[in-house]
Amino acid sequence: MMLKRLPLIFKVLVLLLITISISKAEILKPSSDINPKEVVKIQLTGLQKNDLNFKDSGIEQTWNFAHPNNKKVTGPLGNFKRMLKGNSYEMMINHLSHTITQLGSSEKWAQFEVVILDKNKIYHKFNWQVEKYTEEGELKDCWLTSMVSNPIPLGSSI
């Protein structure tokens, strides 16, 4: 009886592993082909749909595009998750919409004004800066977020 079930169990396990690997594959990795505004868009879209692929996949997506110097300040991924779910940045998680306006740029940095409409229909403004990573390694020439300001509440949309 158990031997007859073994092929079925094996098929279910293989299907489960494929599903998990596909959902993890949805997380984009930095690439020199991704421009500064796209980096911000990738991060905001991830946060807007935070649990789309798996729990906190949007936060992990955002973490992937954080500059190493930024990661030193925010700590490891667990601390980053707590920070984003805390009072200062929680409005980013599962927000309703966002706009990205470029304020300035050079060959090494770009700065954007980001306005988020949170799930309570309150607008928040952020300054969002990305920098081109110049050191050798897999991140060389990738645009990565180096700074996000504290939110500035802009009031209700109602």
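To be clear, the structure that these remarks concern was listed above.
In what follows, the accompanying structure is described. The structure displayed is predicted, hence computed values, not measured ones.

All right, on to the packing of helix H2 (residues 36-48) against helix H3 (residues 57-64) then. At a minimum axis separation of 7 Å, H2 and H3 run at an interaxial angle of 165 degrees. With respect to each other, H2 and H3 are oriented roughly antiparallel. Like other packed secondary-structure pairs, H2 and H3 cross with a definite hand, here left-handed. Side by side, H2 and H3 meet where Ile42, Gln43, Gly46 and Leu47 of the first sit next to Gly58, Ile59, Gln61 and Thr62 of the second. Here the contact of H2 with H3 is composed, by residue class, of three nonpolar, five polar and no charged.

Take unusual backbone geometry next. If you check the backbone angles, Asp56 has positive phi at about 65 degrees while not being a glycine. Positionally, Asp56 belongs in the loop between H2 and H3. With a phi close to 55 degrees, Asn94 is a non-glycine residue in the positive phi region. Summarising the element assignment, Asn94 is placed in the loop between helix H5 (77-85) and strand S1 (97-105).

On to the pairing of S1. Remark: a regular strand shows side chains that alternate across the two faces of the sheet. Two strands pair when backbone bridges link them, and S1 and strand S2 (residues 109-117) are joined in this way by eight bridges, in the antiparallel orientation. Paired with Gly104 across the strands is Gln111, a residue of S2. What sits between the antiparallel neighbours S1 and S2 is a turn of three residues.

Let us now look at the environment of Trp128. Along the chain, Trp128 turns up in strand S3 (residues 122-132). Residue classification places Trp128 among the buried residues on the basis of a relative accessible area of 1%. With 25 residues separating them along the chain, Trp128 and Leu103 place their C-alpha atoms 9.6 Å apart. Polar contacts involving the side chain of Trp128 include one to the side chain of Gln43, which spans 3.2 Å.

What counts and what doesn't
- Residues numbered from 1 in each chain as written.
- Predicted model: local features only at pLDDT ≥ 70, side-chain atom pairs only at ≥ 80, totals over all residues.
- Heavy atoms only, no water.
- Axes fitted to C-alpha atoms, helices over the stretch in contact; angles between N-to-C directions.
- Helix = DSSP H or I, 4+ residues; strand = E, 2+ residues; numbered from the N terminus.
- Parallel < 35°, antiparallel > 145°, perpendicular 65-115°, else oblique.
- Left-handed = near helix turned anticlockwise from the far one by under 90°.
- Contact = heavy atoms within 4.5 Å.
- Nonpolar A, V, L, I, M, F, W, Y, C, P; charged D, E, K, R; others polar.
- Pairing = 2+ DSSP bridges.
- Buried < 20%, exposed > 50% of the residue type's maximum accessible area, 1.4 Å probe, protein only.
- Polar contact = N/O pair within 3.5 Å; in protein donor to acceptor, adjacent residues only side chain to side chain.

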